[in-house]
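# Structure assessment
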Amino acid sequence: MAPPLRNGREPEDCWSRIGDAGDGSCSELAKFIRCRNCPVHAKAAADLLDRALAPEYRREWTEHFAQAKKPAAPAKISSVLFRIQSEWLALPTQVFQEIAENRLIHSVPHRRQGVVLGLANIRGELLICACLGRLLGLQSPAQPENLRATGHRLLVVRWDADRFVFPVDEVQGIHRFQAQELREPPTSTARANPAYTKGIFLWRQQSVGFLHPERLFAALNRNLAL
Amino acid sequence: MNDVLFLLFRLGNDRYAIEARRVIEVIPLLELKQWPQAPKGVAGIFNYRGRPVPAVDLCELTQGRPARALLSTRIIVVNHPDARGAQHVLGLVAEHATEMLRKNIGDFVDTGLKDGPTRRLGPTCMDAHGAIQWVDEKRLISEPISDLLFSNSAQLLDAPY
């Protein structure tokens, strides 16, 4: 509990009797409309500071100001977390246009082995549906692919003028993290191709690969012909 | 147009204003390391983000009694240029350092009164609660004190808190 005021009195709380938290009969209300605009209220707030300084309070702040000032945390990076097989991955939130329900993917003749799975109808527009797992080396190209794709959600992403659709197994949602949380991808252990990974961050004790959108989309464009 | 933001504080019953742009930070009244044989008005030294900074008790300087140890008594950390133009950091212990005020410079008028044999009272403005005097701590802290504060403070804080 806060120590008592120096003069031993608690401030008179007229606002809860006749003010806007009470019956509203105070004549000053016509002028100030709300009690918080009234100088009586302001004075009561200032009087709360008229209390004795507790020795622990003084010591705590003395220790606090003896430390170097920490600069404010930089803006957080926003990303969308998703899973392909057992691998958790993330892309910057800005590249996402939509997270759509899974739907039939129309196959393209002679395009069964590469990263292109086919075409998906997104709001009446046919977009190229690519297999991110194959591009990153998470899935072997030889693995027989169901045309409904393995995923439960389709990520609709846009980079510059290119729009693509990726099926994924699970979408966790938006996750924010600080730039310093991002660590170098461990080249030996990462299952996803480290060339496309900007870094690794921890999320619920799992390491998540934060993908490099620029490299990823450049590689997708290169692989369309395969 | 010429509105200036001020930080208000009290010395005794009178209200004073210091220009907010000179203020680095307003912090609670910390534990001050006492300074043996310090001149009157020097409250001590505190560790301000790793550097020793002297604190001057404006209350003691002008009222002859130390500032009361209340939550509303605070240390106003200011940039303090000395007579030679070097910049220092100085703590001013002041009571009721809890309010800000935006005021036009033109509202402050010179009273023509003197508060010492050579110095004049600072410009003063009036509001609903009375007079507010625009104060510059350099006028309150005499040069010998200022010299003493900034020639010695570095050696005095040998041990951290």
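The following paragraphs examine the structure supplied in this document. (Residues numbered from 1 in each chain as written. Chains lettered and ligands numbered in written order. Predicted model: local features only at pLDDT ≥ 70, side-chain atom pairs only at ≥ 80, totals over all residues.)

### Focus: the overall build of chain A
To be explicit about the condition: A helix here means a DSSP run of H or I that spans at least four residues, while a strand means a run of E at least two residues long, and both kinds are numbered starting from the N terminus. Buried means a residue has 20 or more other C-beta atoms within 10 Å of its own C-beta, exposed means 12 or fewer, and partly exposed covers the counts in between; C-beta atoms are placed from the backbone. Each residue gets a C-beta atom placed from its backbone, and two residues are in contact if those atoms lie within 7 Å.
Tallying secondary structure elements over chain A gives five helices and eleven strands in all. Across the 226 residues in chain A, those meeting the buried criterion constitute 25%. Here the analysis covers contacts within chain A between residues at least 6 apart in sequence; of these, 56% occur between residues at least 24 apart.

### Brief notes about the interface of chain B and chain A
Taken residue by residue, the interface counts 17 residues in chain B and 17 residues in chain A. Where the side of chain B that touches chain A is concerned, the elements lending two or more residues are strand E3 (23–28) and strand E4 (42–48) of chain B. Residue contributions to the side of chain B that touches chain A peak at three residues, all from E4(B).

### Structural notes on the sheet that holds strand E7 (residues 153–159) of chain A
Residues and elements named next belong to chain A. Spelled out, the test is: Two strands pair under a simple rule: DSSP has to find at least two bridges between them. Helix axes are fitted to C-alpha atoms over the stretch in contact, other axes to C-alpha atoms as well, and angles between N-to-C directions run from 0 to 180 degrees.
The six strands lie next to each other as E3-E7-E8-E6-E5-E4, forming an open sheet whose pairing is mixed. The open sheet has two free edges, formed respectively by strand E3 (96–101) and strand E4 (105–106), since each of these has just one partner strand. Alignment of strand E6 (residues 125–130) against strand E8 (residues 162–168), held across two bridges, turns out to be parallel. From the neighbouring strand, Cys-129 faces E8, where its bridge partner is Val-165. Taken strand by strand, helix H5 (residues 213–223) contacts E6, E7 and E8, and its axis lies near 95° from that of E8.

### Focus: unusual backbone geometry
Phi is positive for A:Ile33, which is not a glycine, with a value near 65°. Here A:Ile33 shows up in the loop between helix H1 (29–32) and helix H2 (39–48). Located in the positive-phi region is B:His96, a residue other than glycine, with phi close to 55°. By the secondary structure assignment, B:His96 is in strand E7 (residues 87–104).

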